[in-house]
Amino acid sequence: MEKLQKPIFMAFLFLHVLILCVPLVSAGHDYGQALSNSILFFEAQRSGNLPENQRVNLVGGYHDAGDNVKFGLPMAFTVTMMAWSIIEYGKQMASSGELGHAMEAVKWGTDYFIKAHPEPNVFYGEVGDGITDHYCWQRPEDMTTDRRAYRIDTSKPGSDLAGETAAAMAAASIVFRHSDPSYSNELITHAKQLFDFADKYRGKYDSSISVARKYYQSYSGYGDELLWAAAWMYQATNDQYYLNYLGNNADSLGGSGWSMTEFGWDVKYAGAQVLAAKFLMQGKAKEHWQVFEKLQQKADYFMCACLGKGSRNVQRTPGGLLFRQRWNNLQFVTSSSFLLTVYSDYLTSTGKSVQCASGTAAPSELLSFAKSQVDYILGDNPRATSYMVGYGSNYPRQVHHRASSIVSFKVDKSFVSCRGGYATWFSRKGSDPNVLTGAIVGGPDAYDNFADERDNYEQTEPATYNNAPLIGILARLNSGHSGYNQLLPVVLPAPKLVVNKPTPAPQPKPTPSPQPKPIPAPATYSQITITQKATSSWNYNGKTYYRYSTVVTNNSGKTLKELKLYISELYGPVWGLTKSDNSYTYPSWLNSLPAGQSFEFVYIHSASPAKVSVSKYTLA
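Taking an unreviewed UniProt entry as the reference, the chain is identified by name as Endoglucanase belonging to Macleaya cordata. In UniProt, the chain has this text filed under Catalytic activity (unreviewed entry): "Endohydrolysis of (1->4)-beta-D-glucosidic linkages in cellulose, lichenin and cereal beta-D-glucans."

Draft legend 1. Looking closely at the state of the cysteines. One pass over the structure, following the stated rule, counts 2 disulfides. The disulfide that involves Cys-136 links it to Cys-418, with 1.9 Å between the sulfurs. On the sign convention where negative means left-handed, the S-S torsion of about -85 degrees between Cys-136 and Cys-418 marks this disulfide as left-handed. Here Cys-418 lies in the loop between helix 15 (402-405) and helix 16 (420-426) and Cys-136 lies in the loop between helix 4 (130-134) and strand 4 (149-152), a separation of 282 residues in the sequence. Judged by its relative accessible area of 6%, Cys-136 is buried. When the bonded cysteines of the chain are counted from the start of the sequence, the pairing works out to 1-4, 2-3. The thiol sulfur of Cys-306 is not disulfide-bonded, and the nearest other cysteine sulfur, from Cys-304, lies at 9.4 Å.

Draft legend 2. Examining the environment of Gly-28 more closely. By secondary structure assignment, the location of Gly-28 is in the loop between strand 1 (20-21) and helix 1 (31-44). Looking at Gly-28, the relative accessible area reads 57%, which means it is exposed.

Draft legend 3. Main features of the sheet that holds strand 4. Pairing is antiparallel across the open sheet formed by 3 strands, whose spatial order is 2-3-4. Here the strands that pair on one side only, and so sit at the sheet edges, are strand 2 (70-71) and strand 4. The pairing of strand 2 with strand 3 (residues 123-127) spans 2 bridges and is antiparallel. Following the sheet pairing, Lys-70 is matched in strand 3 by Val-127.

Draft legend 4. View of the confidence of the model for the chain. Considering every residue of the chain, the mean pLDDT works out to 85; 85% of them sit at 70 or more. Below a pLDDT of 50 lies the segment residues 3-27, which in the model reaches 77 contacts outside its immediate sequence neighbourhood of four places, other chains included. Note on residues 488-524: pLDDT is under 50 here. Beyond four places in sequence and across chains, it has 33 contacts.

Draft legend 5. Up close: the pairing of strand 4. Here strand 4 shows a clear split, with Tyr-150 and Ile-152 buried on one side and none of Ala-149 and Arg-151 buried on the other. Note that strand 3 and strand 4 share 4 bridges and pair antiparallel. Following the sheet pairing, Glu-126 is matched in strand 4 by Tyr-150.

Draft legend 6. Here's a closer look at the nonpolar core. In terms of nonpolar packing, the biggest core is built from 143 residues, with Trp-84, Phe-292 and Tyr-343 touching the most fellow members. The element that contributes the greatest number of residues to this core is helix 2 (residues 72-95), accounting for 12 residues. Setting aside residues no more than four positions away along its own chain, Tyr-343 makes contact with Val-274, Ala-277, Met-281, Gln-296, Ala-299, Asp-300, Met-303, Val-354 and Leu-366. Core analysis: the next-biggest nonpolar cluster, separate from the first, contains 20 residues, Ile-528, Leu-563, Val-574 and Phe-599 among them.

Draft legend 7. Spatial organisation of the pattern of salt bridges. One pass over the full model with this rule turns up 18 salt bridges. Notably, a salt bridge pairs Asp-375 with Lys-371, separated by 2.8 Å at the nearest N-O pair. In this pair, Asp-375 and Lys-371 both sit in helix 14 (residues 363-378), 4 residues apart, roughly one turn of the helix. With relative accessibility at 8%, the residue Asp-375 sits in the buried group. We note a salt bridge from Glu-569 to Lys-611, for which the minimum N-O separation is 3.3 Å.

Draft legend 8. Seen up close, the packing of helix 6 (residues 181-200) against helix 10 (residues 240-249). Helix 10 packs onto helix 6 with a crossing angle of 30 degrees between their chain directions and a minimal axis gap of 13 Å. Judged by the angle between their axes, helix 6 and helix 10 are roughly parallel. Regarding helix 6 and helix 10, the two cross each other, and that crossing is left-handed. Contacts between helix 6 and helix 10 pair Lys-192, Phe-195 and Asp-199 from the former with Tyr-241, Tyr-242 and Tyr-245 from the latter. Residues that form the contact of helix 6 with helix 10 fall into these classes: 4 nonpolar, no polar and 2 charged.

Cut-offs and rules
- Residues numbered from 1 in each chain as written.
- Predicted model: local features only at pLDDT ≥ 70, side-chain atom pairs only at ≥ 80, totals over all residues.
- Heavy atoms only, no water.
- UniProt positions renumbered as here; feature names shortened; annotations may be inferred.
- Disulfide = S-S within 2.5 Å.
- Helix = DSSP H or I, 4+ residues; strand = E, 2+ residues; numbered from the N terminus.
- Buried < 20%, exposed > 50% of the residue type's maximum accessible area, 1.4 Å probe, protein only.
- Pairing = 2+ DSSP bridges.
- pLDDT = per-residue confidence, 0-100.
- Contact = heavy atoms within 4.5 Å.
- Core = buried A, V, L, I, M, F, W, Y, C linked by side-chain atoms within 4.5 Å.
- Salt bridge = Lys/Arg side-chain N within 4 Å of Asp/Glu carboxyl O.
- Axes fitted to C-alpha atoms, helices over the stretch in contact; angles between N-to-C directions.
- Parallel < 35°, antiparallel > 145°, perpendicular 65-115°, else oblique.
- Left-handed = near helix turned anticlockwise from the far one by under 90°.
- Nonpolar A, V, L, I, M, F, W, Y, C, P; charged D, E, K, R; others polar.

Following this line, the structure appears as C-alpha cells:
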C-alpha cells in the first residue's frame, strides 16, 4: 500500500484508449473461474516459508497490497471477511471445489495471529515500516529493509487493532468448528483475550504504532471495532454477554447513531449494523430489541444509499460503479456489494423488503445491484476492462506490485537491490513477468477512466481486502442469482400494534426512461463492415446513458493499412480510436488490420447510436 489511504474527493481524468481483438461476445461471466482466481491471489500474498502444495510460483507474502510490510489492521479485516464469506456461502464454495482453498487462506492468517498474540494483553500489529519499505522496490526474497515488529500492550493500547483481530479469530472459529474443533477452540480463546484487551485498555492503535499512521490510520476510532467484535463474539460463542455488550454499548460507541455510506478496513459500523439486524430477524435481540431495531434502520440506510434510493446516496461513475474515492476505490465496491448480498438473503428469509426514502427495495434488487457491481469489475464497463488480473482478455498488465513486476526468484536468483529494483523493474513499460492472477486492483476513477501504468498506484495496486469480500459474492453468484433462505429457523418478534393511517394520495406514475432507437443493419463499405450494439445502460443524475460497442471488420483478403472513420452525432467520450483532425483512426499502437481481423471501440452518451462511416482506407 503506497501512501495514505483515505477518501480524497478530487477527480482527475486519464485519456487512454482501449483496443480489443474480437471475438468480443459476452455471454455472461464465469463466476466460478473468477472465484478460483480470487482465492488464488491470497497464495501469492503469503509471507514466510511456503508449503510444498503452494500453487503460485510467484513467492510473495501475506501482505496488504503491493509492498512487503505486514499491516495488522487490514490483514485482520481481510481474514474476517474471508471467514464471513465462508460462513455464508461455504456450501457454494464446496460445490465448485474451492472451500478447502478458502479455508487454507483463512488459516494462513489466523496461524499468524496466534504467533502475534503471545500474551493476553500483547499483540504484534506490524512487521516492517512503510517508509523504508517504499524506498525500495524488491522481491520479498531480496528484502533489505527494516523488519522490526511493533506491538500494542497495556501501556500502548490499540482497541481497534485488537478488536478487529478478535473478530477475525471469532469468525474463523466458526469456519473450523466442525472440521477442526480443537483449532476452533484455540481461536475462541485468543478471541476472548483480545476482546477483553481491546475493551479494558482503550486507545487507537496508530497512537501506539505510529509508523502505521501514514498508511492505515484509524480515522473512525475504535468504537466500530468493539461493536463489530462483539457481534462476531456472540455469533461464535452464543454467549449472552456479547449480545448484551452490543445492546448496551451501541448508542455510546456510535453504532445506532452513525448512518453509514461506506464499509471497509477502517469503518466497520455498517457491518456491525447488518449483523445486529440479522440477530433481530432471528428473534435473538430479546430485551435489547429497541436498540437492535435502530441498528437495523442504519443497516437499511446503508442499503438505500448504495441503491441510490436513500436521503444521502453513494456517488456513482457514469458507468454505474459505486465511487467513494479515487484511491483504490474498488475496496469499497467489493465490501459494499458483499453487505448487499448477505442482507438480500437475510431479508429473503423473513419475507421483508427495505423501506428507503425513494421507495421500497425488494431483496432481489439488492442482489441484482451487487451483481452489477461484480460484473463491472469483471469487464462490463465503459472500457471493457477486467479489473481482476488474469480474468478475461483485457486486464491490467503493469500492476503496482513488487513481486509481480520483478522476475521470479525461481527463474533468476540474481539479487535485486533496493534502488536497483526501481531502475530495472519498476520503470520498465512492459507487462509484468508474473501474472498476479485473481488480484483486484484499485480500479477506475470517477469517470470510468483507468491508466494501466505501474507507477499509477492509486489505480493499479491490488489489496487483499479488495478480494476478501468478493469471494463470498462470487460463490453466491456462481450458485445462481435468485434469493434463498440464509436464516431459518427464524423466530420473528411479536407483531407491532397497527395504527390506521389515512390513505395516501395517489402518486403519479414515473415517466419511463427513454430507450435508444434501433441500430441500423451493419453498414458495409466495400471491404469493411461496421456493426454497432448497445451493451449496457444506466441512470445517472436523471439521465439514461448507453454504452455502445462498435466493431470494425476487415472482410478483404488483404491487410487494411490506412483507415479513417467519420463519426457524427457523438455526444460523449470514445475509447479505442485516435482523433485526427475531424476524423478518427487506429489507436497509436495499431497501424494496420490483417485480413479477416476486427477491432472494437466503445463510446458513451445519452442518445441513440452515433453515425459511423468510413471516409478513407487503403488495402495492401
